[in-house]
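Survey of secondary and tertiary structure
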Amino acid sequence: AKLMEGKAEPKAAMESFALARDLLGQLDVEDVSKDRLDHLSAVLQYREAKLLAQQGNEVEALGQLMRATETLNLISSRRPDVALLHSALADCYLSSASILEGIGKPGDAREVRMLAVSELLTLRKAKPHALDVQSQLAACYSAMAEASFLSGDLQGAEQRVEEGLALLKAYLGQRPRD
């Protein structure tokens, strides 16, 4: 389904997601870890949601993202040590925030970005030198600063800008030189 996602007609890509979902449903839970199967299903929902959003089906995409997020939260509560789950959750939250902004719900988008920040901070504690996490967190703070500014919360915007700049400075100090 992931291979078809970027290369096929939207209808064919959506069919590939349906096929992948069917195949996952046929796997015997005895042969595969339930958490792993649920994780794969959530990732599939996340990828399908991104495709739906690209096609302009924001409400349906948001529903898919909510289901993926719910599944990932459940697995993450059972396996809080798995960084990959926190990363996937942060991606779901950030995609949801973008959609929420697109449909005119900036307050909801800000709240969802705060959830993403929480996941990214958890990841940062587990992997303090991971540059991708730092840059993702800085981008999240930047989007939150913009949303705060647009809603008239100048103090909140300033605080988020400062947090984002501190992360970017740390990122630049750790990034390998060209």
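It should be noted that the structure appears before, not after, this text.
These lines cover the structure that appears in this document, whether it is placed above or below. (Residues numbered from 1 in each chain as written. Predicted model: local features only at pLDDT ≥ 70, side-chain atom pairs only at ≥ 80, totals over all residues. Heavy atoms only, no water.)

Considering the overall build of the chain
Of regular secondary structure, the chain possesses eight helices and zero strands. Going residue by residue from the N terminus, the α and β elements of the chain occur as α-α-α-α-α-α-α-α. Every one of the 178 residues in the chain was classed for burial, and the buried ones make up 38%. Sequence-distant contacts in the chain: of pairs separated by 6 or more residues, those separated by 24 or more amount to 53%. (Helix = DSSP H or I, 4+ residues; strand = E, 2+ residues; numbered from the N terminus. Buried < 20%, exposed > 50% of the residue type's maximum accessible area, 1.4 Å probe, protein only. Contact = heavy atoms within 4.5 Å.)

What to know about the packing of helix 5 (residues 83-102) against helix 6 (residues 106-126)
Orientation of helix 5 relative to helix 6, taken along the N-to-C sense of each, is 165°, at an axis distance of 8 Å. As judged from the angle between their axes, helix 5 and helix 6 are roughly antiparallel. Of the two elements, helix 5 crosses helix 6, and the hand of that crossing is left-handed. Of the residues in helix 6, those touching helix 5 at A83, H86, S87, L89, A90, Y93, L94, S96, A97, S98, L100 and E101 are D108, A109, V112, R113, L115, A116, E119, L120, T122 and L123. When the residues that make up the contact of helix 5 with helix 6 are grouped by side-chain class, the tally is 13 nonpolar, five polar and four charged. (Axes fitted to C-alpha atoms, helices over the stretch in contact; angles between N-to-C directions. Parallel < 35°, antiparallel > 145°, perpendicular 65-115°, else oblique. Left-handed = near helix turned anticlockwise from the far one by under 90°. Nonpolar A, V, L, I, M, F, W, Y, C, P; charged D, E, K, R; others polar.)

Focus: the nonpolar core
Within the largest apolar cluster, 34 residues are counted, with the highest numbers of intra-cluster contacts made by L72 and C140. Of all elements in the fold, only helix 3 (34-54), helix 4 (58-78), helix 5, helix 6 and helix 7 (131-150) reach the threshold of two or more residues within this core. When residues of this core are assigned to their parent elements, the largest contribution, 10 residues, is made by helix 5. Among residues more than four places away in sequence, those in contact with C140 are L94, R113, A116, V117 and L120. (Core = buried A, V, L, I, M, F, W, Y, C linked by side-chain atoms within 4.5 Å.)

Structural notes on a nonpolar patch on the surface
Taken together, F149, L150 and L154 make up a surface patch of nonpolar side chains, about 370 Å² in accessible area. Considering the arrangement of structural elements, one finds L150 in helix 7. Judged by its relative accessible area of 66%, L150 falls in the exposed class. (Patch = residues over 30% accessible without salt bridge, like charges linked within 9 Å, V, L, I, M, F, W, Y side chains within 5 Å. Areas by Shrake-Rupley, 256 points an atom, 1.4 Å probe, with all protein chains shown as cover. Salt bridge = Lys/Arg side-chain N within 4 Å of Asp/Glu carboxyl O.)

Remarks on the side chain of T69
Positionally, T69 belongs in helix 4. Sequence-distant contacts of T69, that is, excluding residues within four places in its chain, are made with L89, C92 and Y93.

A closer look at helix 6
If you check helix 6, its first and last C-alpha atoms are 30 Å apart, about what 21 residues at 1.5 Å a residue would give, namely 30 Å. All of the buried residues along helix 6 are A109, V112, R113, A116, V117, E119, L120 and L123. Looking at the packing, one finds that the buried side of helix 6 touches helix 4, helix 5 and helix 7. (Expected span 1.5 Å × (residues − 1).)

Here's the deal with helix 4
For helix 4, with 21 residues, the first-to-last C-alpha span of 30 Å sits near the 30 Å given by 1.5 Å per residue. In this structure, the buried residues of helix 4 make contact with helix 3 and helix 5.

Some details on the pattern of salt bridges
Scanning the entire structure with this criterion turns up three salt bridges. Of the charged contacts, one joins D38 and R78 as a salt bridge, the two residues approaching to 3.9 Å between their closest N and O atoms. You can see D38 sitting in helix 3 and its partner R78 sitting in helix 4, a full 40 residues away along the chain. One salt bridge connects R113 with E101, and the closest N-O pair in it is separated by 3.1 Å.

Let's talk about the packing of helix 3 against helix 5
The interhelical angle for the contact between helix 3 and helix 5, taken along N-to-C directions, is 25°, at an axis separation of 11 Å. The angle between helix 3 and helix 5 falls in the class roughly parallel. Taken as a pair, helix 3 and helix 5 cross one another with a handedness that is left-handed. In this structure, helix 3 uses H39, Y46, K50 and A53 to contact helix 5, whose residues at the interface are L84, L85, D91, C92, S95 and I99. Grouping the constituent residues of the contact of helix 3 with helix 5 by class yields six nonpolar, two polar and two charged.

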